[in-house]
Amino acid sequence: MLHRVNTCLHLQPFPDGGGTLAQTTRETSFIDKMKKTGKNIVVFYGSQTGTAEEFANRLAKDAHRYGMKGMSADPEEYDMSELSRLPEIENSLAIFCMATYGEGDPTDNSQDFYDWLQEGDADFTGVKYTVFALGNKTYEHYNAMGKYVDQRLAELGAQRIFDLGMGDDDGNLEEDFVSWREQFWPAVCEHFGVEATGEESSIRQYELKVHSDLNMNKIYTGELGRLKSFENQKPPFDSKNPFLAPVTVNRKLNKAGDRHLMHLELDITGSKIRYESGDHVAVYPINDSVIVNRIGEVLGVDLDTVISLNNLDGMTITEAVSFMTMLMYLVLADCQYIHNVLLFPDTLFLISQALYQSWVLDSCRNILAILEDFPSLRPPIDHLCELLPRLQARYYSIASSSKVHPNSIHICAVVVEYKTKTGRVNKGVATNWLKNKMPADNGHKATVPMYIRKSQFRLPFKSSNPVIMIGPGTGIAPFMGFVQERSWLKEQGKEVGETVLYYGCRHKNEDFLYQEELDEFEKTGVLTALNVAFSRDQADKVYVQHLLKKNKEAVWRLVHTDNAHIYICGDARNMARDVQNAFYEIAEELGGLSRAQAVDYIKKLMTKGRYSQDVWS
């Protein structure tokens, strides 16, 4: 019998792998839960964008193939000191899928676990574990969190039963994971003396119940935190309880060209939300209803049908919800999650990695494209919902200063839209959703669920320190906040050091973002120097790193003599690396250093907090 208990309702994956909208019992003892449900493998995830969480769900479901039972778990939801009790469960194993965020930081949901590991002196003797790390080689602290957890667990006495897996998002994260996973499970079998059962991991974990006469007030509509939380907003606001911020401004920034670059302003009046220049705003988007409705058509389903999915282990009951709401909040557009859907018995031939790579990943087929191009694949819609993870928050560098705009948060973003090899046009979920959030004049406010994620990307404590800001394209965002703040400080009579900006775009007359504002800041002396690289306005492409080298004497004086702080925002894969190389070259030429010494010089600046990056790939 399924019993309802007092719970906190929020968007999260089903705890045993798979993912959709679930209401879950708040049980802080994962050991007790494992014992009650007969599980012997727990897969913890440190996830910021949802990928580590999705890998954890897949590993938890894999366990079934080997006669074992797994559950995925958010370390933020459990008492992690109980890890020392894991040996109480026979043939038990803890797996950690740990992503690294920012400059070698833990993800939000693994911050407390990380702090506890650093401070604690637990005895993990008898605990068996393995770690798969998710990161990006273009970042300075590649897979730092995964490496730390792997090393620290061993230091505390745990037994590593398989080598640390290293996933590189700059290469092919999915391929890295699949390759590691294929070697990992045979090692588990050998260690525990078990054999593969031959059963597929797509076994159902939930039973469908259709509702026909429910009170509308009891139907879940996608809000986070608690039922009706979007109607009755209560601070404090965070990732589990976002604030519905009205959109007051939504304007196109570029004058021409085929892209859409936009500036939005979110009103946080009365929310008690505080932010600093350099912080990130997290927003929770939903899917395009056109795609959702088309999936309903292809599968021949009435999306207004209200259902609940009841976990067969008796631990979880979903709130009553329509298929439409489910699909609006699940990942449909990201082709890396198709792997789950292709685990149906009649489609297993597709899982050859080469074909998966070319037919799904390289061709950028999303869920709808798969269903349209593969007519024999018609999974039950409730099973599809079970297999897909929820949409995650998207993060944007805040483009304003709270000193100047205490009740408003500004976003600068480019709308993602591209043509695939199949001829379809794929649209970025979050940016297209934001693009359509227009301030209404009919009394109905367009709102965005949001919260603030604190950052280490901060202006110098002493305003008299010079700053060099390098941010081409939408990388300009945090520097709009920085420049606004330096302007405010000057108005307060504070001594403000040199404020130098290196910005880049394609064409001066097309996509020079915030041109009028920047020109005004330069005219009033807030910006000491405004250096702009227009990459395509001449035969030879010119980028920000070229301007840095052109102004090498001034750059070296600011950095070496005047203690300037350097800030870089934008593309990690190319721009940030090229800019770093430019600083190496300047240090070699004007500082008389060897390349090794120049690299060490910049690393020391990073350690001192004088070389900061807010980059993405």
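How each quantity is defined
Residues numbered from 1 in each chain as written. Predicted model: local features only at pLDDT ≥ 70, side-chain atom pairs only at ≥ 80, totals over all residues. Heavy atoms only, no water. Phe/Tyr/Trp six-rings, centres within 6.5 Å; stacked < 30°, edge-to-face > 60°. Helix = DSSP H or I, 4+ residues; strand = E, 2+ residues; numbered from the N terminus. Buried < 20%, exposed > 50% of the residue type's maximum accessible area, 1.4 Å probe, protein only. Lys NZ or Arg CZ within 6 Å of the ring centre and 35° of its normal. Polar contact = N/O pair within 3.5 Å; in protein donor to acceptor, adjacent residues only side chain to side chain. Contact = heavy atoms within 4.5 Å. Core = buried A, V, L, I, M, F, W, Y, C linked by side-chain atoms within 4.5 Å. Pairing = 2+ DSSP bridges. Axes fitted to C-alpha atoms, helices over the stretch in contact; angles between N-to-C directions. Salt bridge = Lys/Arg side-chain N within 4 Å of Asp/Glu carboxyl O. Parallel < 35°, antiparallel > 145°, perpendicular 65-115°, else oblique. Nonpolar A, V, L, I, M, F, W, Y, C, P; charged D, E, K, R; others polar. Right-handed = clockwise from strand over helix to strand, strands pointing away.

- The protein chain goes by NADPH--hemoprotein reductase in an unreviewed UniProt entry, where it is assigned to Cyprinus carpio.

## Quick notes on the packing of aromatic side chains
The way to describe two aromatic rings as a pair is by their centre distance and the angle between their planes.
And then number 1: Using the criterion set out here, one finds 29 aromatic pairs in the structure.
And then number 2: Ring plane angle 25° and centroid distance 5.4 Å describe the contact between Phe 44 and Phe 96, whose orientation is recorded as stacked. On the criterion of sequence distance, the pair formed by Phe 44 in strand 3 (residues 41–46) and Phe 96 in strand 5 (residues 93–101) is long-range, its members being 52 residues apart. Each member of the pair, Phe 44 as well as Phe 96, carries the same accessibility label: buried.
And then number 3: Where Phe 113 meets Trp 116, the ring centres are 6.5 Å apart and the plane angle is 20°; that geometry is what we call stacked. Taken together, the positions of Phe 113 and Trp 116, both in helix 3 (residues 111–119) and three residues apart, correspond to about one turn of that helix.
And then number 4: Under the relative-accessibility criterion, Phe 113 is labelled buried at 3%.
And then number 5: Sitting over the ring of Trp 359, Arg 365 keeps its end group 4.1 Å from the ring centre.
And then number 6: Sitting over the face of the ring of Trp 488, Lys 403 holds its NZ or CZ atom 5.9 Å from the ring centroid.

## Description of the side chain of Arg 152
And then number 1: Its place among the elements puts Arg 152 in helix 4 (residues 144–155).
And then number 2: Among the polar contacts listed, one links the side chain of Arg 152 to the side chain of Glu 155, at a separation of 3.1 Å.
And then number 3: Excluding its chain neighbours within four sequence positions, the residues that come into contact with Arg 152 are Leu 117, Gln 118 and Gly 120.

## Observations concerning the nonpolar core
And then number 1: Grouped together as the largest cluster of nonpolar side chains are 31 residues, with contacts concentrated most on Ile 470, Tyr 502, Ile 568, Val 579, Phe 583 and Tyr 611.
And then number 2: Secondary-structure elements contributing two or more residues to this core are strand 22 (467–470), strand 23 (499–505), helix 15 (544–550), helix 16 (552–561), strand 25 (565–571), helix 17 (572–591), helix 18 (595–607) and strand 26 (611–616).
And then number 3: The greatest single-element share of this core, amounting to eight residues, is contributed by helix 17.
And then number 4: In terms of nonpolar packing, the next biggest core, distinct from the first, is built from 30 residues, Met 326, Met 328, Leu 371 and Leu 384 among them.

## Description of the sheet that holds strand 21 (residues 447–453)
And then number 1: Pairing is antiparallel in the open sheet, where six strands are placed in the order 17-13-21-11-12-18. For this open sheet the edge positions go to strand 17 (394–397) and strand 18 (408–414), each flanked by a neighbour on one side alone. Neighbour to neighbour, the strand axes of the sheet diverge by 40° on average, direction disregarded.
And then number 2: As paired elements, strand 13 (residues 280–283) and strand 17 share four bridges and run antiparallel to each other. Paired with His 280 across the two strands is Ser 397, which belongs to strand 17.

## As for the pattern of salt bridges
And then number 1: According to the stated counting rule, one finds 32 salt bridges in the structure shown.
And then number 2: In this structure, Glu 498 and Arg 557 form a salt bridge, with 3.2 Å as the shortest nitrogen-oxygen distance. Pair noted here: Glu 498 is in the loop between helix 13 (477–491) and strand 23 and Arg 557 is in helix 16, with a separation of 59 residues, a long-range link.
And then number 3: Take Glu 498: its relative accessible area is 27%, and that puts it in the partly exposed class.
And then number 4: Within the structure, one salt-bridge network assembled from shared partners comprises Arg 294, Glu 297, Arg 365, Glu 372, Asp 373 and Arg 424.

## Here's the deal with the side chain of Thr 431
And then number 1: In this fold, Thr 431 is placed in helix 12 (residues 429–435).
And then number 2: In this structure the side chain of Thr 431 is engaged in a polar contact, spanning 3.0 Å, whose partner is the backbone nitrogen of Val 416.
And then number 3: The contacts of Thr 431, once residues within four sequence positions are left out, are Met 262, Tyr 396, Val 414, Val 415 and Val 416.

## Some points on the sheet that holds strand 25
And then number 1: One open sheet holds the five strands; their spatial order is 24-23-22-25-26, and the pairing between them is parallel. Strands at the two margins of the open sheet, each flanked by one partner only, are strand 24 (529–534) and strand 26. In this sheet, neighbouring strand axes are inclined to one another by 10° on average, regardless of whether the strands run parallel or antiparallel.
And then number 2: Pairing geometry for strand 23 and strand 24, over six bridges, is parallel. Following the sheet pairing, Tyr 502 is matched in strand 24 by Asn 531.

## Topic: the environment of Val 249
And then number 1: One can find Val 249 in strand 11 (residues 243–252).
And then number 2: Dropping the residues within four chain positions of it, Val 249 is found in contact with His 263, Leu 264, Glu 265 and Pro 439.

## A few points about the packing of helix 16 against helix 17
And then number 1: In contact at an axis separation of 10 Å, helix 16 and helix 17 are set at 90° when each is read in the N-to-C sense. Comparing the axis directions of helix 16 and helix 17 gives the class roughly perpendicular. Residues Lys 552, Glu 553, Val 555, Trp 556 and Val 559 of helix 16 touch helix 17, and the partners they reach there are Phe 583, Ile 586, Ala 587, Glu 589, Leu 590 and Gly 591.
And then number 2: Residues that form the contact of helix 16 with helix 17 fall into these classes: seven nonpolar, one polar and three charged.

## Some thoughts on the pairing of strand 3
And then number 1: Of all the six residues making up strand 3, six are buried; the element is thus mostly covered by neighbouring parts of the structure.
And then number 2: On strand 3, burial covers both faces: Ile 41, Val 43 and Tyr 45 on one face and Val 42, Phe 44 and Gly 46 on the other are all buried.
And then number 3: The pairing of strand 3 with strand 4 (residues 70–73) spans four bridges and is classified as parallel. In the sheet register, Ile 41 faces strand 4, and the bridge partner there is Gly 70.
And then number 4: In this region the chain leaves strand 3, passes through helix 2 (residues 51–62) and returns to the parallel neighbour strand 4; the handedness of that crossover is right-handed.
And then number 5: Pairing of strand 3 with strand 5 involves six bridges; the strand directions are parallel. Bridge pairing links Val 42 to Ala 94 in strand 5.

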